[in-house]
Amino acid sequence: MASSGIETEQEPLLGNCTPGSREWDITETEEHCRSRWISIRILYLTMFFSSVGFSIVIMSIWPYLQKIDQTADASFLGWVIASYSLGQMVASPVFGLWSNYRPRKEPLIVSIFISVAANCLYAYVHVPASHNKYYMLVARGLVGFGAGNVAVVRSYIAGATSLQERISSMANTSACQALGFILGPASTDEVQFPQGNIDQVAVVATNVLFFVVLFIFALFETIVTPLTMDMYAWTRKQAVLYGGIILAALGVEAIIVFMGIKLLSKKIGERAILLGGLIIVCVGFFILLPWGNQFPKIQWEDLHNNSIPNTTFGEIIITLWKSPREDHNEGPTGCPAEQGWCLYTPMIHLAQFLTAAMLIGVGYPSCNVMSYTLYSKILGPKPQGVYMGWLTASGSAARILGPVFISQVYTSWGPRWAFSLVCGIVVLTIMLLGVVYKRLVAFSVRHGRIQE
């Protein structure tokens with residue numbers, strides 16, 4: 001019986017729908033299996049287009065804001081950027097709760113209408129005669145509110161793809177009832193859920209783990225451009241171009257990692273991969289610490305456009321929106337002298353930076369997918385909408401706080417303090433994982449339906 005628990009932990013979320021498998025015999029026909037996979041892939045495609053749209057819009061916010069309202073400054077830009085994540089953070093639990101008591105299509109349809117209306121408002125914020133920047137703030141907040149439907153999508157995918165975990169706990173529930181619950185019943189009364197409470201300690205711990213994982217990658221994305229401009233005397237145009245290439249390479253690397261951990265999780269389990277991913281991330285940021293006695297080139301002139309202003313988060317983000325056409329003469333480059341740490345902090349060598357980026361590119365996707373997988377299994381067969389809403393909200397908070405944290409610490413104290421603090425955060429997270437390690441088990445294992 002002990003081996004059954006290990007097999008369940010290592011069982012991937014994406015179930016096996018072949019004849020003769022446990023899922024096939026217990027849960028559904030080939031037609032049902034094909035139907036749910038079509039739904040899942042449609043949701044995958046929907047989320048992909050949503051992410052592409054976000055990436056396209058986010059790069060145009062600053063010049064658009066300057067064009068529609070001359071009174072908008074960098075500080076207000078920070079609020080506009082944060083409003084998206086704030087809206088998503090508020091909406092995610094709301095939509096998640098809604099999906100627990102009503103068919104999932106209802107919050108999905110409503111959220112899509114909100115997103116469409118918000119994007120239309122964003123397209124026409126230049127029309128009003130005044131207060132245009134506030135219309136943009138509202139528009140971006142509503143777009144983020146509509147994006148809160150990711151909680152519903154996650155709960156659907158988690159429910160459908162962990163079908164075998166749920167059915168193994170539904171001893172008195174027919175396959176049709178179970179499938180109806182997973183695909184979105186009109187009421188939870190249609191399904192008799194198994195007895196047993198969710199481990200709230202494991203739930204909270206997993207939310208914290210997910211927050212830290214997204215927090216770390218959000219701050220890494222933020223610091224790539226300023227760091228390379230300071231350390232390697234790259235122009236803004238070079239930093240955006242090369243930084244984009246590096247992040248694109250990390251995206252390709254993440255795809256390969258996702259494919260690899262699907263196989264690896266069957267051998268060692270999700271918890272071990274999550275722990276290994278955090279260790280790899282910690283090593284990556286440790287490598288980023290400045291060493292040696294070679295210093296970066298100092299930029300003695302006051303080049304506001306090519307340096308990191310020592311003020312607000314919004315002003316730091318501005319460097320990503322500046323048009324290359326404004327820079328016919330890039331002028332001096334290097335680490336700005338107004339950042340006092342530039343005078344005594346050793347440079348981070350390019351090979352050092354690329355090695356660290358590669359390690360972070362391995363650790364982040366491993367931690368991301370494993371924390372989400374564990375979370376779904378911990379929740380078990382009960383409705384996951386609200387819980388997935390809190391998970392999404394924690395990720396939104398991480399995307400707000402990560403860039404603010406790294407921009408302020410890096411500008412004031414430099415990369416040595418910034419990356420040392422990040423390493424400390426990751427070490428504390430690893431310690432937290434060690435404390436709750438034995439509690440991060442599937443619902444059915446915890447309540448004895450399968451003995452670990």
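For clarity, every value in this text was computed on a predicted model and none was experimentally measured. (Residues numbered from 1 in each chain as written. Predicted model: local features only at pLDDT ≥ 70, side-chain atom pairs only at ≥ 80, totals over all residues. Heavy atoms only, no water.)

### Remarks on empty space enclosed by the protein
Then, in step 1: For the coordinates displayed, the defined rule picks out three cavities of 30 Å³ or more.
Then, in step 2: Reported here for the second largest cavity is a volume of approximately 60 Å³.
Then, in step 3: Put simply, the parts of the chain that give the lining of the second largest cavity at least two residues each are α11 (200–232), α13 (270–287) and α15 (350–379).
Then, in step 4: In the lining of the second largest cavity, the residues fall into nine nonpolar, one polar and no charged. (1 Å grid on protein atoms, 1.4 Å probe; cavity = no way out; pocket = protein on both sides within 12 Å on 5 of 7 lines; lining within 4 Å. Points joined across faces, edges and corners; volume = space filled by probe spheres on them. Helix = DSSP H or I, 4+ residues; strand = E, 2+ residues; numbered from the N terminus. Nonpolar A, V, L, I, M, F, W, Y, C, P; charged D, E, K, R; others polar.)

### What to know about a nonpolar patch on the surface
Then, in step 1: On the surface, a nonpolar cluster with roughly 510 Å² of combined accessible area is contributed by L45, F48, F49, V52 and I56.
Then, in step 2: Along the chain, F48 turns up in helix α3 (residues 30–58). (Patch = residues over 30% accessible without salt bridge, like charges linked within 9 Å, V, L, I, M, F, W, Y side chains within 5 Å. Areas by Shrake-Rupley, 256 points an atom, 1.4 Å probe, with all protein chains shown as cover. Salt bridge = Lys/Arg side-chain N within 4 Å of Asp/Glu carboxyl O.)

### Some details on helix α12 (residues 236–268)
Then, in step 1: Of all the bends in α12, the largest measures some 30° and sits at K262.
Then, in step 2: Along α12, the residues classified as buried are R236, A239, G243, I246, L250, E253, A254, V257, I261 and S265.
Then, in step 3: G269 sits one or two positions beyond α12 and adopts a positive phi of about 90°. (Bend = angle between axes of the 7 residues up to and from the residue. Buried < 20%, exposed > 50% of the residue type's maximum accessible area, 1.4 Å probe, protein only.)

### So, the state of the cysteines
Then, in step 1: Under the counting rule described, the total for this entry stands at one disulfide.
Then, in step 2: Residue pairing for C335: its cysteine sulfur links by disulfide to C342, the two sulfurs lying 1.8 Å apart. Its S-S torsion of approximately -55° makes the covalent link between C335 and C342 left-handed. The burial state of C335 is the same as that of C342; both residues are buried.
Then, in step 3: Of the cysteine sulfurs around C282, a residue in no disulfide, the closest is that of C423, at 4.8 Å. (Disulfide = S-S within 2.5 Å.)

### Here's the deal with the packing of α11 against α12
Then, in step 1: Closest axis-to-axis distance for the α11/α12 pair is 9 Å, and the angle between their directions is 140°. By the angle between their axes, α11 is oblique relative to α12. Here the hand of the crossing between α11 and α12 comes out right-handed. In contact with F220, E221, V224, T225, T228 and M229 of α11, α12 contributes R236, A239, V240, G243, L247 and L250. (Axes fitted to C-alpha atoms, helices over the stretch in contact; angles between N-to-C directions. Parallel < 35°, antiparallel > 145°, perpendicular 65-115°, else oblique. Left-handed = near helix turned anticlockwise from the far one by under 90°. Contact = heavy atoms within 4.5 Å.)

### Details of unusual backbone geometry
Then, in step 1: Even without being glycine, H131 reaches a positive phi, approximately 60°.
Then, in step 2: If you trace the backbone, H131 turns up in the loop between α6 (105–123) and α7 (132–146).
Then, in step 3: The exposure class assigned to H131 is exposed, which follows from its relative accessible area of 52%.
Then, in step 4: One non-glycine residue, A233, lies in the positive phi region at around 55°.
Then, in step 5: Take A233: it is sitting in the loop between α11 and α12.

### Comments concerning the nonpolar core
Then, in step 1: If you look at the biggest cluster of nonpolar residues, it comprises 72 residues, and the most contacted ones within it are F220, F285, F353 and F419.
Then, in step 2: Counting residues per element, the ones that place at least two in this core are α3, α8 (150–161), α11, α12, α13, α15, α16 (385–413) and α17 (415–436).
Then, in step 3: Among the elements that take part in this core, α11 stands out by supplying 19 residues, more than any other.
Then, in step 4: Viewed by domain, this core spans two of them, domain 1 (30–186) and domain 2 (200–298 + 333–447), each represented by three or more residues. (Core = buried A, V, L, I, M, F, W, Y, C linked by side-chain atoms within 4.5 Å. Domains from an automatic or database assignment.)

### Some thoughts on α15
Then, in step 1: Taking 1.5 Å per residue as the helical rise, α15 with its 30 residues ought to reach 44 Å, and the 43 Å between its terminal C-alpha atoms agrees with that figure.
Then, in step 2: Of all the 30 residues making up α15, 21 are buried; the element is thus mostly covered by neighbouring parts of the structure.
Then, in step 3: Where α15 terminates, the next one or two residues include G380, which has phi positive at roughly 70°. (Expected span 1.5 Å × (residues − 1).)

### Looking at the packing of α6 against α7
Then, in step 1: At a closest axis distance of 8 Å, the pairing of α6 and α7 adopts a crossing angle of 160°. Taken together, the axes of α6 and α7 are roughly antiparallel relative to one another. As for the relative orientation of α6 and α7, their crossing is left-handed in sense. Mapping the contact onto sequence places S111, I114, S115, A118, N119, L121 and Y122 in α6 and Y135, M136, V138, A139, R140, L142, V143, F145 and G146 in α7.

### Details of the side chain of E270
Then, in step 1: Position of E270 relative to the elements: it lies in helix α13.
Then, in step 2: A distance of 3.1 Å separates a polar atom in the side chain of E270 from a polar atom in the side chain of K377. (Polar contact = N/O pair within 3.5 Å; in protein donor to acceptor, adjacent residues only side chain to side chain.)

### Brief notes about the packing of aromatic side chains
The way to describe two aromatic rings as a pair is by their centre distance and the angle between their planes.
Then, in step 1: Enumeration over the complete set of coordinates arrives at 16 aromatic pairs.
Then, in step 2: Taken together, a centroid distance of 5.5 Å and an interplanar angle of 50° make the contact between F215 and F405 tilted. Here the residue F215 occupies a position in helix α11, and F405 occupies one in helix α16, the gap between them amounting to 190 residues.
Then, in step 3: By relative accessible area, which is 21% here, F405 ends up partly exposed.
Then, in step 4: Positioned above the aromatic ring of Y122 is the side chain of R140, whose terminal nitrogen or guanidinium carbon lies 5.9 Å from the ring centre. (Phe/Tyr/Trp six-rings, centres within 6.5 Å; stacked < 30°, edge-to-face > 60°. Lys NZ or Arg CZ within 6 Å of the ring centre and 35° of its normal.)

### Focus on the pattern of salt bridges
Then, in step 1: In total, this model carries three salt bridges according to the counting rule given.
Then, in step 2: Residue R439 pairs with D199 through a salt bridge whose shortest N-O separation is 3.0 Å. With R439 in the loop between α17 and α18 (443–446) and D199 in the loop between α10 (175–183) and α11, this residue pair connects regions lying 240 residues apart in the sequence.
Then, in step 3: Residue classification places D199 among the buried residues on the basis of a relative accessible area of 5%.
Then, in step 4: Note that E270 is salt-bridged to K377, the shortest N-O span being 3.1 Å.

### Remarks on the confidence of the model for the protein
Then, in step 1: For the protein, per-residue confidence averages 76 on the pLDDT scale, and 75% of positions sit at 70 or higher.
Then, in step 2: Taken together, the stretch residues 163–193 has pLDDT below 50 and engages in 75 contacts with residues farther than four places along the chain or on a different chain. (pLDDT = per-residue confidence, 0-100.)

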